[in-house]
Amino acid sequence: MNSNFSASFRCIAGCGETYPLHEIVYTCRKCGSLLEVSHDMDRLREKSAIQWRELFDSRMGTNRWPYGSGVWNKKEWVIPGIDDENITSMLEGNTNLLWAKRFGSMLGMDDLWIKMCGNSHTGSFKDLGMTVLVSMVNEMIHRGANIKAVACASTGDTSAALTAYASYGGIPTIVFLPRNKISTAQLVQPMSNGAIVISLDTDFDGCMRIVQEVTKDNTIYLANSMNSLRIEGQKTISIEMVQQFNWDVPDTIIIPGGNLGNISALGSGFRMMLELGLIKKKPRLILAQAEKANPLYLSYLKGFKSFEPVIPEKTLASAIQIGDPVSVEKAVRALKEFDGIVEQAGEDELADAAALADRTGLFCCPHTGVALAVLIKLLDSGKISKDERTIVISTAHGLKFSEFKIGYHEGTLKDVKSRHMNRPVEMEPDAGKVKKIIDQKLKEQYG
Ligand SMILES: Cc1ncc(COP(=O)(O)O)c(C=O)c1O
Ligand SMILES: [Zn+2]
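Note that the coordinates shown come from a computational prediction; the quantities given were computed from them, not determined experimentally. (Residues numbered from 1 in each chain as written. Chains lettered and ligands numbered in written order. Predicted model: local features only at pLDDT ≥ 70, side-chain atom pairs only at ≥ 80, totals over all residues. Heavy atoms only, no water.)

S.K.: I keep staring at helix 13 (residues 328-337) and nothing clicks. Help me out?
M.R.: At 3.6 residues per turn, the α-helix brings residues three or four places apart onto the same side. Listed as buried for helix 13 are Val328, Lys330, Ala331, Val332, Ala334 and Leu335. In this structure, the buried side of helix 13 is in contact with strand 3 (35-39), helix 9 (229-234), helix 11 (261-275), strand 11 (284-290), helix 12 (295-301) and strand 12 (341-345). In the segment just after helix 13, Asp339 is the residue with positive phi, at about 50°. (Buried < 20%, exposed > 50% of the residue type's maximum accessible area, 1.4 Å probe, protein only. Helix = DSSP H or I, 4+ residues; strand = E, 2+ residues; numbered from the N terminus. Contact = heavy atoms within 4.5 Å.)

Below is the structure:
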């Protein structure tokens, strides 16, 4: 039914270059810029906005292959031409968009929502992009391409998602990780799924340079987000969130950013819904960066007139410890188009914001902490008003960052005051003494 929808790679600089999606190409061969997936919009316009909404709604939550996936239930907008047999999906997406009722009321907001992208197969939003990339690689291999493995550089979550999806599809995987800069849970994921794990004495940007060298001859396929196939999968969260509000557009969305693929994807999903008339209103997009890895924040302060990479410092938000983001141009375009703001959060701020939200039943990763701290700052400065419908994108599951959580509650994190620390009470098994402690703690903690 959808075989005559089509898409191809297009150079984002507008030099006119295009390539078929089955070609192994990551950047423009003429001018070196990034590529994006460009859809035949006229063909997509042949369906009305109402028809698209109905089609997407009718597939949500079904078991019909591949529509049980929150990515592939929008297949015509993602990779229309792919053969369903080659799709490598673990039914990702469809993550809960929860009302942060108690946390919101602490901040004076009654319309605050958290998109729980970490409630996913490998515990982060990266699954959304990886199902698309690995499916395309699978299709290329079926068509006879000489691809012997897929590879990526990663701050942790990308390598976990790539290895899971590639292993599910039977494709060998090589991951390059900065030594001692990712969490134990993130390291053990690609190890468990059987990747060749290479731990390098460098940072993420250094790993990125190596993977680009290693993948130059095209027999090892590059899976980093400079590969725009991943953005196509990630952009479906924009559509999914609007769908979860019965096609109402939120006022403001806050997202943590490192390599800046995800903010670009968010913009791309909204752009497509606007162009095809599914929505009329634009949300405002807010990018949250860690103060220790803040090149886009610095550029924002200069009105995006120039951009300088930085050498990032060690941050608790380790997955966004990136100083030379590959998708900077796409991100700036999205921020300009959606009335964007870039704000930063320090270590103490991000840790306390995550811990405060945890007190209301959440379990936030440090990157979500960056986004929550930015929310608090922008409310304080009046840049976000308390009555706005606001969504914070939670990018990973807190369980992947247990060292961060334990360190916070033990009070051992550098530059963090741990105002919401909660330690276990170690005591002898004496019922009388236990009751006394409970009374004391109830008073202290619940007033
Ligand atoms: C948990 C988490 N949050 C946020 C990000 C930032 O996403 P992006 O690099 O696309 O800006 C990443 C990945 O880099 C991540 O793993
Ligand atoms: Zn070009």
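S.K.: Hey, could you run me through the nonpolar core in this one?
M.R.: Across soluble globular proteins, nonpolar side chains have a tendency to be buried as a group. Of all hydrophobic cores here, the largest spans 100 residues; its most connected members are Trp77, Ile79, Tyr221, Phe270, Met273 and Leu296. With residues near it in sequence (within four places) discarded, Ile79 still touches Leu21, Trp72, Val132, Met136 and Leu229. In terms of nonpolar packing, the next biggest core, distinct from the first, is built from 41 residues, Ala317, Ala345, Leu378 and Val392 among them. (Core = buried A, V, L, I, M, F, W, Y, C linked by side-chain atoms within 4.5 Å.)

S.K.: Is there a simple way to think about unusual backbone geometry in this case?
M.R.: Cis peptide bonds are those with omega within 30 degrees of zero, and the linkage from Trp65 to Pro66 qualifies with -5°. Tracing the sequence through the fold places Pro66 in the loop between helix 2 (49-59) and helix 3 (75-78). Unusually for a residue other than glycine, Asp415 sits at a positive phi of about 65°. One can find Asp415 in the loop between helix 16 (402-410) and helix 17 (431-446). Positive phi, close to 50°, is recorded for Ser418, a residue that is not glycine.

S.K.: Could you clarify how one ought to interpret helix 7 (residues 184-192) in this entry?
M.R.: When helix 7 is considered as a whole, its buried residues turn out to be Gln186, Gln189 and Pro190. One side of helix 7 holds all its buried residues, which, seen down the axis, span an arc of 85°. Turned more than 90 degrees from where helix 7 packs its buried face, Thr184 and Ser192 sit exposed. On the buried face of helix 7, the contacting elements are helix 6 (157-169), strand 7 (173-178) and strand 8 (196-200). (Arc of directions from axis to C-beta.)

S.K.: How should the sheet that holds strand 9 (residues 220-222) be read in this particular structure?
M.R.: Think of a sheet as strands paired side by side through backbone hydrogen bonds, with each pair either parallel or antiparallel. A sheet is described by the order of its strands in space; here four strands give the open sequence 8-7-6-9, paired in parallel fashion. Among the strands making up the open sheet, the edge pair consists of strand 8 and strand 9. With strand direction ignored, the average angle separating the axes of adjacent strands in the sheet is 25°. Both strand 7 and strand 8 contribute to a ladder of five bridges, which runs parallel. By the bridge assignment for strand 8, Val175 is matched with Val197. On the sheet, helix 6 packs against strand 6 (149-153) and strand 7 and is oriented at approximately 170° with respect to strand 6. (Pairing = 2+ DSSP bridges. Axes fitted to C-alpha atoms, helices over the stretch in contact; angles between N-to-C directions.)

S.K.: What is the right way to look at the site of ligand 1 in this model?
M.R.: Taken together, 15 residues surround ligand 1, and among them Lys126, Asp157, Gly258, Leu260 and Thr395 come closest. Backbone polar atom of Leu260 to an oxygen atom of ligand 1: 2.8 Å apart, as the coordinates give it. Between ligand 1 and Thr395 there is a distance of 2.7 Å, counted from a nitrogen atom to a side-chain nitrogen or oxygen. For ligand 1, whose accessible area on its own is 380 Å², the fraction buried by protein is 98%. Most atoms of ligand 1, that is more than half of them, are within 2 Å of grid points of the largest cavity. Of the residues assigned to the shell around ligand 1, the class counts are six nonpolar, seven polar and two charged. (Near = heavy atom within 4 Å. Polar contact = N/O pair within 3.5 Å; in protein donor to acceptor, adjacent residues only side chain to side chain. Areas by Shrake-Rupley, 256 points an atom, 1.4 Å probe, with all protein chains shown as cover. 1 Å grid on protein atoms, 1.4 Å probe; cavity = no way out; pocket = protein on both sides within 12 Å on 5 of 7 lines; lining within 4 Å. Sits in = over half its atoms within 2 Å of the grid points. Nonpolar A, V, L, I, M, F, W, Y, C, P; charged D, E, K, R; others polar.)

S.K.: What is the right way to look at the packing of helix 5 (residues 126-142) against helix 6 in this model?
M.R.: In a pair of packed helices, the angle between the axes and the distance between the axes together describe the arrangement. Taken N-terminus to C-terminus, the directions of helix 5 and helix 6 make an angle of 45°; their axes are 9 Å apart at the nearest point. Taken as axis vectors, helix 5 and helix 6 run oblique relative to one another. The crossing of helix 5 and helix 6 is right-handed. Contacts between helix 5 and helix 6 involve Lys126, Asp127, Met130, Thr131, Leu133 and Val134 from the first element and Asp157, Thr158, Ala161, Leu162, Tyr165 and Ala166 from the second. Here the residues of the contact of helix 5 with helix 6 sort into seven nonpolar, two polar and three charged. (Parallel < 35°, antiparallel > 145°, perpendicular 65-115°, else oblique. Left-handed = near helix turned anticlockwise from the far one by under 90°.)

S.K.: Honestly, the coordination of the zinc ion (ligand 2) in this entry has me stumped. Any pointers?
M.R.: For a metal bound by four donors in tetrahedral geometry, the ideal donor-metal-donor angle is 109.5 degrees, whereas six donors in octahedral geometry ideally sit at 90 or 180 degrees. Coordination of the zinc ion (ligand 2) by the protein is provided by Cys11 (SG), Cys15 (SG), Cys28 (SG) and Cys31 (SG), with metal-donor distances spanning 2.3 Å. Its four donor atoms give the zinc ion (ligand 2) angles of 100 to 124° at the centre, a pattern that matches the tetrahedral case. (Donors = N, O, S within 2.8 Å, 3.2 Å for Na, K, Ca; no water. Tetrahedral: all angles 85-135°; square planar, octahedral: opposite > 155°, others 65-115°.)

S.K.: Quick question: what am I supposed to make of the layout of surface pockets here?
M.R.: Empty space among the atoms becomes visible once a probe the size of a water molecule is rolled across them. Roughly 450 Å³ of volume is contained in the largest pocket. Lys314, Thr315, Leu316, Ser318 and Leu413 are the residues nearest the centre of the largest pocket, which is lined by 20 residues in total. By residue class, the composition of the lining of the largest pocket is six nonpolar, six polar and eight charged. In this structure, the second largest pocket occupies an estimated 310 Å³ of space. Every residue lining the second largest pocket is counted, 17 residues in all, and those nearest its centre are Arg10, Glu36, Val37, Ser268 and Arg271. For the lining of the second largest pocket, the secondary-structure elements that each account for two or more residues are strand 3, helix 9, helix 11 and helix 13. Classifying every residue of the lining of the second largest pocket gives four nonpolar, five polar and eight charged. (Points joined across faces, edges and corners; volume = space filled by probe spheres on them.)

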